[in-house]
Amino acid sequence: MGLLDLFKRKDKDRVPKEVEASKKTDSDANMVKEIREEILQKTAIPCMKLELTDTKPSLFDSKVGGIGYVPHDAKIPEDSKGVQLQLLAQIDCAEITLEDFPHQGLLQFWILNDDVSGLNFDDNTLQDTFRVLYFKEPDRTVTEKEVCEKVQDSSSDEEEDYFPVRGCYGLAFSEDVDTISYSDYRFESCIRKLVQQDYPEEAENLLENMDDFFDGGSGHKIGGYPGFAQWDPRSSEDTHDVLLFQLDSDMGTDWKILWGDCGIGNFFINRENLKNCDFSDVIYNWDCC
């Protein structure tokens, strides 16, 4: 091999500075991504993910839509004007494995079928156009036929049907974990605290773009972190710190659940009230794009 050939080979083997810089940049980006994922995982909490099924749930099963359990001596929940609410969802609590949640009985969510789906913009805890009910020991002698006979006939109403659920669906439960969602009101303070605590020297760089920690919080779930199309209705002073139930829009091939323009609905409760099975103080919220 001649001297000229040797120089040609060295030139061929030499890695351009631009390529080296690119590799370094990619390596730094991967490291930052790993750190951000590690920080997010430190916010993880357990939840129950829910999936709609095409089963035909009984009167006492978990369900979305359909006919809910009503005791022999009780009426279907009504608002202050005497208009009946409709069952948004019913949860068989025996399927919940989360700490602090009830593990027996039925937990129900009822809302008014109007153009805002029972949402009260002035007081989102006022249980008038929505209701959260808990039956620790439901009476198994109640029949679906009996409950159906209590339903007011609204077939002559000329008002449009705004109810977010079309039809009735069973629910499949699975244990999972959630990392803090970007729209949760605690997101920025939580992420900032963890980054400054664990990576003080890299904190400025890591926090430069908070969007990189994005987790939407969408889906049907009990517990975990909420998702919103707009923003969290809670503030740092709010005591409703637990996501009691969340029902997302669910389109699929044909829409099953639709909150306005592809929105999401959620209910929040204080943990101590949850432990005591006291569902009298609950936030009901839904929003859409």
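Just so it is clear, the model here is predicted, and its values are computed rather than measured.

A. Structural view of the packing of aromatic side chains. Scanning the entire structure with this criterion turns up 13 aromatic pairs. Aromatic ring contacts, followed pair by pair, group Phe109, Phe130, Phe245, Phe267 and Tyr284 into a single cluster. One Lys or Arg, Arg234, reaches over the ring of Phe268 and ends 4.1 Å from the middle of that ring.

B. Inspection of the pairing of strand β5 (residues 130-135) at higher detail. Within β5, five of the six residues are buried, leaving the element largely enclosed by the surrounding structure. Bridge count between strand β4 (residues 106-111) and β5: six bridges; the pairing is antiparallel. For Trp110, the partnering residue across the bridge sits in β5 and is Arg131.

C. Here's a closer look at the confidence of the model for the protein. Per-residue confidence for the protein gives a mean pLDDT of 89, with 88% of residues at or over 70. Scored below 50 in pLDDT, residues 6-10 makes two contacts in the model with residues more than four places away or belonging to other chains.

D. Fine view of the pattern of salt bridges. Applying the stated rule across the entire model yields 13 salt bridges. Measuring nitrogen to oxygen at the nearest pair gives 2.8 Å for the salt bridge that ties Asp184 to Arg186. The salt bridge partner of Arg234 is Asp184, with a shortest N-O separation of 3.5 Å. Residue Arg234 is found in the loop between β7 (221-223) and β8 (242-248), and its partner Asp184 is found in the loop between β6 (169-178) and α4 (187-198); the two are separated by 50 residues along the sequence.

E. View of the side chain of Asn285. Following the sequence through the fold, Asn285 ends up in strand β10 (residues 282-287). Not counting chain neighbours up to four residues away, the residues in contact with Asn285 comprise Leu119, Phe228, Pro233, Ile264, Gly265 and Asn266.

What counts, and at which threshold
- Residues numbered from 1 in each chain as written.
- Predicted model: local features only at pLDDT ≥ 70, side-chain atom pairs only at ≥ 80, totals over all residues.
- Heavy atoms only, no water.
- Phe/Tyr/Trp six-rings, centres within 6.5 Å; stacked < 30°, edge-to-face > 60°.
- Lys NZ or Arg CZ within 6 Å of the ring centre and 35° of its normal.
- Buried < 20%, exposed > 50% of the residue type's maximum accessible area, 1.4 Å probe, protein only.
- Helix = DSSP H or I, 4+ residues; strand = E, 2+ residues; numbered from the N terminus.
- Pairing = 2+ DSSP bridges.
- pLDDT = per-residue confidence, 0-100.
- Contact = heavy atoms within 4.5 Å.
- Salt bridge = Lys/Arg side-chain N within 4 Å of Asp/Glu carboxyl O.

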